[in-house]
Amino acid sequence: MSLDTGTVAARLAKGMANGVLSFPLTSFRADGSLDPDGYRDYVAAQLATGPGALFPACGTGEFFSLDEDEYRRVVTIAVQEAAGRTPVVAGVGYGWAQAVRFARIAEDAGADALLVLPHYLVAAPQDGLVAQLEEIAARTRLPLIAYQRGQVAFGAEAFRRVTRIPGVIGLKDGHSDLDRLQRLTLAAPEGFLFFNGAATAEIQARAYAAVGVPAYSSAVHAFAPEIADAFFAALRDGDEAAAATLLRGFYLPLVELRDRVPGYAVSLVKAAARLRGRPVGPVRAPLTDPSAADLAALKTLLATGLDLVGAAL
């Protein structure tokens, strides 16, 4: 366990209260190879908008498609660009043995913490979900944030055990089961971190806040930080009219477009970033880039959203 776990948790808590959480895209060239220079430029632009924390090589960053050398470069660049000003939380995943291999790379690269992505393929009992985190935590100095989504869903009793694992400091929730989430927040000790990790989290941000989880990750921040920051400010300031305008005029149509094709939760985000001239390149298989018709619809929607906040494509 890191000797600085408390400090990392405090920095993340402060960042989560003051801004959206950035999950940067990973830049690839047209041939599918990693583009380190494009990624560096893109991460620098993300950091310039002042996110609460930076989460490289996670779901939006196509962690599943990176080999260990690529992962090392991605996390290293993120740490270098953050330069200690913004917490860097790197994704790890698969079974615990492979997760630990990535964890050690992230440690060496200088990451502040790890987001433990759902394990690969199999369903598991509650004891196994707890054991997965125990195995990883025992083999890294970095604090862990658990991610429940897909086949990972904690019950209250198992979650109490999770919160007692040395080094586990938070939970990202992607299930949007608010009854379950409320039970977990009540089971957690004071200071344990929670954030909304639903796809297009802004759609459910007000509902999450109602059960005590106001912090959220924003895929929209990856391509339109102006929109993401305007929505965050509307929620922070209690401006219901501004929040509703953005939800109706931009976020709801985006979700409807996203739901047309599996994988669009990443593919559309990357396509939107390309529309804005960001050097992120295509997605890697098994994801696919949007069709011409969907890309045209995305461009129109993006222009509408930017216009709502006084920005341009």
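Structural notes, computed from the coordinates. Because the structure is a prediction, the values reported are computed rather than measured.

Focus on the packing of aromatic side chains
One pair of aromatic rings is described through two measures. These are the centre distance and the angle between the planes. On inspection of all chains with the given rule, the structure shows 14 aromatic pairs. With a centroid separation of 4.8 Å and 80° between ring planes, the pair formed by Tyr-71 and Phe-102 is classed as edge-to-face. Within this pair, whereas Tyr-71 is found in helix 3 (residues 68–82), its partner Phe-102 is found in helix 4 (residues 96–109), the two being separated by 31 residues in sequence. Plain terms: the ring middles of Phe-159 and Phe-194 are 5.8 Å apart, the flat faces sit at 45° to each other, and that makes the pair tilted. Taken together, the residues span a long stretch of sequence, with Phe-159 in helix 6 (residues 156–163) and Phe-194 in strand 7 (residues 193–196) at a distance of 35 residues.

Some words on helix 9 (residues 225–237)
The end-to-end C-alpha separation of helix 9 is 18 Å, in line with the 18 Å expected for 13 residues at 1.5 Å each. All of the buried residues in helix 9 are Pro-225, Ile-227, Ala-228, Phe-231, Phe-232 and Ala-234. Packing partners of the buried residues in helix 9 comprise helix 1 (5–18), helix 8 (205–210), helix 10 (240–258) and helix 12 (292–308). Where helix 9 ends, the next residue or the one after it, Gly-238, has phi of about 70°, a positive value.

Overview of helix 2 (residues 36–48)
Between its first and last C-alpha atoms helix 2 spans 18 Å; for 13 residues at 1.5 Å apiece the expected length is 18 Å, and the two agree. Buried within helix 2 are the following residues: Pro-36, Gly-38, Tyr-39, Tyr-42, Val-43, Gln-46 and Leu-47. Down the axis of helix 2, the sector holding all buried residues measures 165°, keeping them to one side. More than 90 degrees from the buried face of helix 2, the exposed residues found are Asp-37, Asp-41 and Ala-48. Lining the buried residues of helix 2 we find strand 1 (21–22), strand 2 (53–54) and helix 3. Directly beyond the C-terminal end of helix 2, a positive phi value near 75° is found at Gly-50.

Some details on the environment of Ala-312
The residue Ala-312 is located in the segment after helix 12 in this model. In this structure, the C-alpha to C-alpha distance between Ala-312 and Ala-90, residues 222 residues apart in sequence, is 31 Å. The residues touching Ala-312, leaving out its near neighbours within four places in the chain, are Arg-276 and Leu-306.

Some details on the environment of Pro-118
Here Pro-118 lies in the loop between strand 4 (113–116) and helix 5 (126–137). On the accessibility criterion, Pro-118 (24% relative accessible area) is partly exposed. Taking C-alpha positions, Pro-118 is 19 Å from Pro-24, a pair spaced 94 residues apart along the chain. Ignoring any residue separated from it by four or fewer positions in sequence, one finds Pro-118 in contact with Tyr-94, Tyr-147, Arg-149, Gln-151 and Val-152.

Regarding the packing of helix 2 against helix 3
Axis separation between helix 2 and helix 3 bottoms out at 10 Å; the angle between their running directions is 40°. With respect to helix 3, the axis of helix 2 lies oblique. The two elements helix 2 and helix 3 meet at a crossing, and its hand is right-handed. Contact residues: helix 2 offers Pro-36, Tyr-39, Arg-40, Val-43, Ala-44 and Leu-47, while helix 3 offers Arg-73, Val-74, Ile-77, Ala-78, Gln-80, Glu-81 and Ala-82. When grouped by side-chain class, the residues that make up the contact of helix 2 with helix 3 number 9 nonpolar, 1 polar and 3 charged.

Rules used in this analysis
Residues numbered from 1 in each chain as written. Predicted model: local features only at pLDDT ≥ 70, side-chain atom pairs only at ≥ 80, totals over all residues. Heavy atoms only, no water. Phe/Tyr/Trp six-rings, centres within 6.5 Å; stacked < 30°, edge-to-face > 60°. Helix = DSSP H or I, 4+ residues; strand = E, 2+ residues; numbered from the N terminus. Expected span 1.5 Å × (residues − 1). Buried < 20%, exposed > 50% of the residue type's maximum accessible area, 1.4 Å probe, protein only. Contact = heavy atoms within 4.5 Å. Arc of directions from axis to C-beta. Axes fitted to C-alpha atoms, helices over the stretch in contact; angles between N-to-C directions. Parallel < 35°, antiparallel > 145°, perpendicular 65-115°, else oblique. Left-handed = near helix turned anticlockwise from the far one by under 90°. Nonpolar A, V, L, I, M, F, W, Y, C, P; charged D, E, K, R; others polar.

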